[in-house]
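Read off the chains here:
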Amino acid sequence: MTGPRRTYAVGTAAALLLTVTGLSPAAAAPAPVAGEQTSGDSLFPNTGNGGYDVQHYDIALAYSDYTGSIDATTTIDATAEQPLSSFSLDFEGLTIGSVTVDGEPARHVRENDAGATKHKLVITPLRPVDGDFTTVVTYRGVPTEHIDPDGSSEGWIATTDGATVVNEPVGAMTLFPNNNTVKDKATFDVTLDVPASIGGKPAAGVSNGELVSNVVTGGRSVWTWRQSEQMATYLSMISIGAFTVHENDIALGGGRTIKEYSFIDAGTSPENLAEIEANRALLGPMLRYLEKKFGPYPGNSTGILVDNTEVGYALETQDRPFFETSVDTSTLLHELAHQWFGNAVSADDWSDLWLSEGPATYLEAQYAFDTGATDRAPATVFHDEWNGSSAGEWAVPMAGFADPADLFGGQTYDRGARSLQALRTLVGDQAFDATLSTWIARRSGSTGSTADWIALAEEISGRDLTAFYQDWAYDTDKPAWPPAYTAPLVSGRVAVGQTLTVSPGEWHPAAGLTYQWLADGVAVPGATGPRYVPSAAVRGKRLTVVVTGIRGTYAPVRRTSAATVPIAAGRQVKHPTPRISGTPKVHRTLRVRPGRWDSGTRLSYRWYVDGRRLRGGHDGSLHVPRSAKGGRIRVRVTSTKPGYETRTELSARTARVR
């Protein structure tokens, strides 16, 4: 980070400021605390850490093919959310050479409990950190392989010609010290100093992101990679070995072109190589297919890594998925789909992993159907799977399960995919597609939970899905397959000021339809069309629509929609950044130019100097007091509107008050 670190030494001037404002020293300078040694994950409570947010990792690693050892330095730029007397990182194995914080040596201890998946590097800096700080850890040795609760291997996986590091869910700590949680994404720079050749064949050092440079000097090859997109630690990857390298341009939607960097194990058999090349040619078509459904590809490069390991799985390592020995079409589509579901938007807790694996598994079937590889639509595939399943297949809930050994079980993949088809059956194609695409659009670069998903599905479909997801996500018996989508169905965001639309469903072509919207069962005057915009008067109520079909001499037929979720507050559309006019000088008057907000809003103003609130200025103008001298002034504009969410915007700081 480039910003200056804040300190809490209180000198004469600071003491005077405290006296003038009436603030106590404790309020101005909170006492430092020890950072949490957990991110609060339900399955891995001893991984991840609290009190700070990592902004960037810089990993520099030199590998010896003679000993299998590394000599490495990891630099971590982070921001402390409060003053920290100590903080922890996750780090397994290897020998630490030194630890510094902001250039000064720091005390450090290691706490290890393999049975509890706990490998902590606890750091106590010379002085507490607050705001931006930088930690540098040097270390060396032969990295270790991490064994998961289900007995599978991850982390540093030694191969006959080097190693591959794959990290789901927690293996990244075998390669570099980090905040090992999906909740703390960061950017990365990775420099790999490897032999120029291994076993007489050209060698490479592979990682995520874009290749910045590759310099060969004196029998060594230095590969520098940069990941400028947000990435969770479990999606980081390196691989060292003898590879065939492919670098090409891939055309995406909208005229965008990105680089493909693919690496194929030099020892790949001719049969596997033919399959790999056939599927590598699908990178562009598959990415364009997924872009049409979920928006722009979230990375800046692509490619595949194929290494001859024995871990038994492929993995969606960001930008450049990992495959063992070969690549098949279905698995390639699965791992590329993860670039949206899992990488761009990650599960907030490991027990919510179905949010990644469910869509990726579902899209395997959708892609096969859309491209003509099969005539079985996802509706048939997943209904047949559900119909033929036994009760025992549903014994582990899809979300909220407690045993980490179940993480990669059928409830994550199969039940996740089946639940998506069940949702599609219930709410229809339009609402289903909109839920998937909106999930990505709103949360790219961040995380989401099962509760977040349910809330979004309810918002998009306009239906109360509590009972549906209790059955499909949380219960431990075979869920009921929902009735097919019929009519009427309300779609749109159920909020004040938003247009809702009712889809009447299938009726006889000769039937004439009429509509009546109801709020908590009471007819809304004038709401007699297929579209309705809720007003503030019905906020908090549930909507239904009665659709009546009239055909000749037949008796009228009435169908009533399911109740929506309660009508939420509306969102203000116009919320410009306010500007301050005037000269920032004692006894001068500053005025706020709030900009143009939504009609019907009421604006209020609060003024601050260096984060401390100033008195007055409620009419949008401020007479600059002497106490503000030397500080920088900002104004917060708050907009309220009946039935709508309150919105606040903060101006830029003025120059220092003279």
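What this report covers is the structure whose coordinates are included nearby.

Cut-off values and rules
- Residues numbered from 1 in each chain as written.
- Predicted model: local features only at pLDDT ≥ 70, side-chain atom pairs only at ≥ 80, totals over all residues.
- Heavy atoms only, no water.
- Helix = DSSP H or I, 4+ residues; strand = E, 2+ residues; numbered from the N terminus.
- Expected span 1.5 Å × (residues − 1).
- Bend = angle between axes of the 7 residues up to and from the residue.
- Buried < 20%, exposed > 50% of the residue type's maximum accessible area, 1.4 Å probe, protein only.
- Phe/Tyr/Trp six-rings, centres within 6.5 Å; stacked < 30°, edge-to-face > 60°.
- Lys NZ or Arg CZ within 6 Å of the ring centre and 35° of its normal.
- Lys, Arg positive; Asp, Glu negative; His and termini not counted.
- Salt bridge = Lys/Arg side-chain N within 4 Å of Asp/Glu carboxyl O.
- Polar contact = N/O pair within 3.5 Å; in protein donor to acceptor, adjacent residues only side chain to side chain.
- Contact = heavy atoms within 4.5 Å.
- Core = buried A, V, L, I, M, F, W, Y, C linked by side-chain atoms within 4.5 Å.
- Axes fitted to C-alpha atoms, helices over the stretch in contact; angles between N-to-C directions.
- Parallel < 35°, antiparallel > 145°, perpendicular 65-115°, else oblique.
- Nonpolar A, V, L, I, M, F, W, Y, C, P; charged D, E, K, R; others polar.
- Pairing = 2+ DSSP bridges.

1. Observations concerning helix α8 (residues 410-427)
Phase 1: For α8, built from 18 residues, the straight-helix expectation of 26 Å at 1.5 Å per residue is met to within 8% by its first-to-last C-alpha distance of 24 Å.
Phase 2: Considering bend angle alone, the principal kink of α8 is centred on Gly 416 and spans about 30°.
Phase 3: Most of α8 sits out of view: 15 of its 18 residues are buried.
Phase 4: Once α8 ends, the next one or two residues include Gly 428, with phi positive near 95°.

2. Some points on the packing of aromatic side chains
Phase 1: Inspection of the entire model under this criterion finds 26 aromatic pairs.
Phase 2: Both rings, one in Tyr 297 and one in Trp 340, keep their centres 5.7 Å apart while their planes meet at 65°; by these two values the pair is edge-to-face. Highlighted residues: Tyr 297 in the loop between α4 (283-294) and β19 (301-302) and Trp 340 in the loop between α5 (329-337) and β22 (345-347), separated in sequence by 43 residues.
Phase 3: Classification of Tyr 297 as buried rests on a relative accessible area of 3%.
Phase 4: Between Trp 386 and Trp 481, the aromatic rings sit 5.4 Å apart at their centres with planes inclined by 45°, giving tilted as the arrangement. Taken together, the residues Trp 386 in helix α7 (residues 378-388) and Trp 481 in the loop between α11 (466-474) and β24 (489-491) connect sequence positions 95 residues apart.
Phase 5: The exposure class of Trp 481 is buried, given its relative accessible area of 17%.
Phase 6: An aromatic cluster of three or more residues is present, and its members are Trp 386, Trp 394, Phe 468, Tyr 469, Trp 472 and Trp 481.
Phase 7: Seen from the ring of Trp 386, Lys 478 lies directly overhead, with NZ or CZ sitting 4.9 Å from the centre.

3. Things to note about the side chain of Asp 161
Phase 1: With respect to the helices, strands and loops of the structure, Asp 161 is situated in the loop between β10 (153-159) and β11 (162-166).
Phase 2: Buried within the structure, Asp 161 lacks any salt-bridge partner; Lys 201 is the closest side chain of opposite charge, at an N-O distance of 7.6 Å.
Phase 3: Within the local environment of Asp 161, its side chain forms a polar contact with the side chain of Thr 159, the two groups lying 3.1 Å apart.
Phase 4: At 3.1 Å, the side chain of Asp 161 forms a polar contact with the backbone nitrogen of Ala 242.
Phase 5: Apart from the residues within four sequence positions on either side, Asp 161 is in contact with Ile 198, Ile 240, Gly 241, Ala 242, Asp 265 and Asp 307.

4. Remarks on the nonpolar core
Phase 1: In this structure, Leu 61, Tyr 139, Trp 156, Ile 238 and Phe 263 are the most contacted members of the largest nonpolar core, which totals 66 residues.
Phase 2: Looking at which element gives the most residues to this core, the answer is strand β3 (residues 70-90), with eight residues.
Phase 3: Within the second largest apolar cluster, 58 residues are counted, among which are Leu 290, Leu 336, Ala 360 and Leu 423.

5. What about the packing of α8 against helix α9 (residues 429-443)?
Phase 1: Where α8 meets α9, the closest approach of the two axes is 7 Å, and the angle between their N-to-C directions is 135°. It follows from the interaxial angle that α8 and α9 lie oblique. Along its contact with α8, which presents Leu 420, Leu 423, Arg 424 and Val 427, the element α9 presents Asp 429, Ala 431 and Phe 432.
Phase 2: Taken together, the residues that form the contact of α8 with α9 break down as five nonpolar, no polar and two charged.

6. So, the sheet that holds strand β33 (residues 602-609)
Phase 1: The strand order β34-β33-β36-β37 describes an open sheet built from four strands, whose pairing is antiparallel. Of all strands in the sheet, those bounded by a partner on one side alone are β34 (612-614) and β37 (647-650). If you compare each strand with its neighbour and ignore which way they point, the axes differ by 35° on average.
Phase 2: In the sheet, β33 pairs with strand β36 (residues 633-640) via eight bridges, with the strands oriented antiparallel. By the bridge assignment, Tyr 605 is partnered in β36 with Val 637.

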